[in-house]
Amino acid sequence: REERMQWWREARFGMFIHWGDYAQLAGSYKGHEIGRGGEWIMNRGKIPVADYQASARRFNPTKYDADAWVRMAKDAGMKYIVITAKHHDGFAMFKSAASKWNIADATPYGKDVLKPLAEACKKYGIRLGFYYSQAQDWNNPGGAAARKPASEGWANPDSAAIDAYTLAHKGHWDPAQTTASMGEYIDKVAVPQVKELLTNYGDVAVLWWDTPTDMTDEYAQKLKDALKLQPHIITNDRLKRPNFPGDYKTPEQKIPKPHELDHTDWETCMTMNGTWGYKSYDHKWKSVETLVRNLVDIASKGGNYLLNVGPTASGEFPDESIQSLQGIGKWMKVNGTA
Ligand code: JFZ
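Anyway, here's the lowdown on the structure attached to this text. All chains use their own residue numbering, which begins from 1 and follows the written sequence. Per-residue local features of the predicted model are confined to residues with pLDDT of at least 70, and side-chain atom pairs are confined, for both listing and counting, to 80 or more; whole-chain, interface and lining totals are unaffected and use all residues. Neither water nor hydrogens contribute to the side-chain values; these are computed over all heavy atoms in the structure.

As a further point, take the pattern of salt bridges. For this document, the term salt bridge refers to a Lys or Arg side-chain nitrogen within 4 Å of an Asp or Glu carboxyl oxygen. Under the criterion given, the structure shown has 22 salt bridges. For Lys 95, the salt bridge goes to Asp 105, with nearest N and O atoms at 3.0 Å. Taken together, the residues Lys 95 in the loop between β4 (80–86) and α6 (103–106) and Asp 105 in helix α6 connect sequence positions ten residues apart. Here Lys 95 falls in the partly exposed class, since its relative accessible area comes to 44%. Secondary structure elements follow DSSP: runs of H or I no shorter than four residues count as helices, runs of E no shorter than two count as strands, and numbering proceeds from the N terminus. Note on exposure labels: buried denotes an accessible area under 20% of the residue type's maximum, exposed denotes more than 50%, and partly exposed covers the range between, all computed with a 1.4 Å probe on protein chains only.

Looking now at the packing of aromatic side chains. Stacked, tilted and edge-to-face are the three classes applied to pairs of Phe, Tyr and Trp rings, where Trp contributes its six-membered ring and a pair requires centres within 6.5 Å; stacked means planes under 30 degrees apart, edge-to-face means over 60, and tilted covers the rest. Counted according to the given criterion, the structure contains 18 aromatic pairs. Ring geometry for Phe 59 and Phe 91: centres 6.1 Å apart, planes at 65 degrees, overall edge-to-face. Within this pair, whereas Phe 59 is found in the loop between α4 (49–55) and α5 (66–75), its partner Phe 91 is found in the loop between β4 and α6, the two being separated by 32 residues in sequence. Residue Phe 91 is classed as buried on the basis of its relative accessible area of 1%. Centre to centre, the rings of Phe 130 and Tyr 201 are 5.6 Å apart; their planes meet at 80 degrees, and the pair counts as edge-to-face. Of this pair, Phe 130 sits in strand β5 (residues 127–132) while Tyr 201 sits in the loop between α9 (182–197) and β6 (206–209); the two residues are 71 residues apart in sequence, bridging distant segments of the chain. Every member of this aromatic cluster is reached through a ring pair, and the members are Trp 19, Tyr 52, Phe 59, Tyr 64, Trp 69, Phe 91, Trp 101 and Phe 317. A ring is scored as having a charge over it whenever the NZ atom of a lysine or the CZ atom of an arginine sits within 6 Å of its centre and within 35 degrees of its normal. The aromatic ring of Trp 40 is capped on one face by Arg 44, whose charged end is 5.5 Å from the ring centroid. Above the plane of the ring of Trp 173 lies Lys 46, whose end atom (NZ or CZ) is 5.1 Å from the centre.

What follows covers the sheet that holds strand β9 (residues 304–309). Backbone hydrogen bonds hold the strands of a sheet together, and the pairing may be parallel or antiparallel. In this description, strands pair whenever DSSP reports at least two bridges between them. Spatially, β7-β6-β5-β4-β1-β9-β8 is the arrangement adopted by the seven strands of the open sheet, whose pairing is parallel. At either margin of the open sheet sits one strand with a lone partner, and together these are β7 (234–235) and β8 (267–270). Two strands pair when backbone bridges link them, and β6 and β7 are joined in this way by two bridges, in the parallel orientation. What sits directly across from Val 206, in β7, is Ile 234.

Attention now moves to the environment of Asn 236. Here Asn 236 shows up in the loop between β7 and β8. In sequence terms Asn 236 and Tyr 248 are twelve residues apart; their C-alpha atoms lie 5.1 Å from each other. Not counting chain neighbours up to four residues away, the residues in contact with Asn 236 comprise Leu 207, Trp 208, Trp 209, Pro 245, Gly 246, Asp 247, Tyr 248 and Thr 250. In protein, a polar contact requires one atom able to donate a hydrogen and another able to accept it; more generally it is a pair of N or O atoms within 3.5 Å, and residues adjacent in sequence count only if both atoms are side-chain atoms. In this structure the side chain of Asn 236 is engaged in a polar contact, spanning 3.5 Å, whose partner is the backbone nitrogen of Arg 238. Contacts were defined at the residue level, with two residues in contact if any of their heavy atoms lie within 4.5 Å.

Cis geometry marks the peptide bond from Arg 241 to Pro 242; its omega dihedral reads -15 degrees. Position of Pro 242 relative to the elements: it lies in the loop between β7 and β8. The phi dihedral of Arg 12 is positive, around 70 degrees, even though this residue is not glycine. Along the chain, the position of Arg 12 falls in the loop between α1 (2–11) and β1 (13–17). In this structure Arg 12 comes out as partly exposed when scored by relative accessible area, which is 26%. Of note, Lys 46 is a non-glycine position whose phi angle comes to about 50 degrees, a positive value. Along the polypeptide, Lys 46 turns up in the loop between α3 (41–44) and α4.

Surveying the vicinity of the ligand reveals the residues Phe 16, His 18, Glu 39, Trp 40, His 87, His 88, Tyr 131, Asp 210, Thr 211, Arg 238, Glu 252 and Trp 276. His 87 places a polar side-chain atom, nitrogen or oxygen, 2.8 Å from an oxygen atom of the ligand. Asp 210 is positioned with one of its side-chain polar atoms (N or O) 2.8 Å from an oxygen atom of the ligand. Whether a residue is near a molecule or strand is decided by its heavy atoms; if any one of them lies within 4 Å of it, the residue is near.

This part takes up the pairing of β8. Along β8, one buried face is formed by Glu 267 and Cys 269 and the opposite face, lined by Thr 268 and Met 270, is buried too. When β8 meets β9, the two strands line up parallel, connected through four bridges. Considered in β9, the bridge of Cys 269 is made with Leu 306. Looking down the strands as they point away from the viewer, one classifies a crossover as right-handed if the path from the first strand across the helix to the second runs clockwise. For the crossover from β8 across helix α11 (residues 288–300) to β9, the handedness is right-handed.

All of the buried residues in helix α8 (residues 159–168) are Ser 159, Ile 162 and Thr 166. Buried residues of α8, seen end-on, are gathered within an arc of 65 degrees and therefore sit on one face of the element. Facing away from the buried side of α8 by more than 90 degrees, the exposed set consists of Ala 160, Ala 161, Leu 167 and Ala 168. Following α8 by one or two positions, Lys 170 has its phi on the positive side, about 50 degrees. Note that the arc is defined by the directions from the helix axis to the C-beta atoms.

Set out below in structure tokens:
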């Protein structure tokens, strides 16, 4: 383990990328601005499965340039990238034989976006990790759904009825979500897709699990076993709590105070504005000064900083994120090891 962790402990700074079909909705559904993270829009807006899947027919990121993305990370001094291979909406950003709900089969773009990213990372010496939502999946039948009230998303006139339904159906709001059991989803979608990710993209440095809603030890063990395909891989602590601690902790949107530190490795993940997935109307950007101070604070305490970018549906980083990455890069050239 010490050996597997070495590069990660020296890295200090990485890029998180939240990109998926939700970028295309950019925080709005049927003219309503939906609250909270842009990547949660399907759940918060209680968007029916058929409607959400229809939205992918407009997802065509023709301006996507993996080489440019990786160069921006590298120029900012980042040493690794973790990208959402599949977020809670179940949309695979890669060609998958386990589910048609993937970017190659469900969009006019028709191509895997992880392949070019893996190639660019290799070219520039940046490590690549995959975020994979192992439990929550709102589109592939049998996937879990966190219990969230409809009223938190927007003033939906049907909120009361939707909330009653989700309460009776483990957080699901559309009958299409429950035509399979979670066990079937784990065996037919989650495990096969994780195996695809660990087979088709060369070296995978990190598997970043998230939100273990309704996970059991049995499901977690099956996913953990799949990791044997990449003997050097490291993972975070969100596969299943307790019993599956992974290699490092993941404080979210906050930097631990000195007295909160123990001897566990940790990584603070953080957004540059207020959302992980792109939202057209979120303008609460942190300043370059704040971002650099955060990085220094985290590094001084022995942690890693995983700083998020939420690309648009056309496949570009928001201008503000590009500016910030360049600003950090300038500071790193003088003070860092970039
Ligand atoms: C999760 C996701 O639901 C979210 O969309 C995003 O991907 C983020 C990085 O992770 O959200 C969480 C997960 C854990 C906590 C808070 C938000 N937590 O432990 O406080």
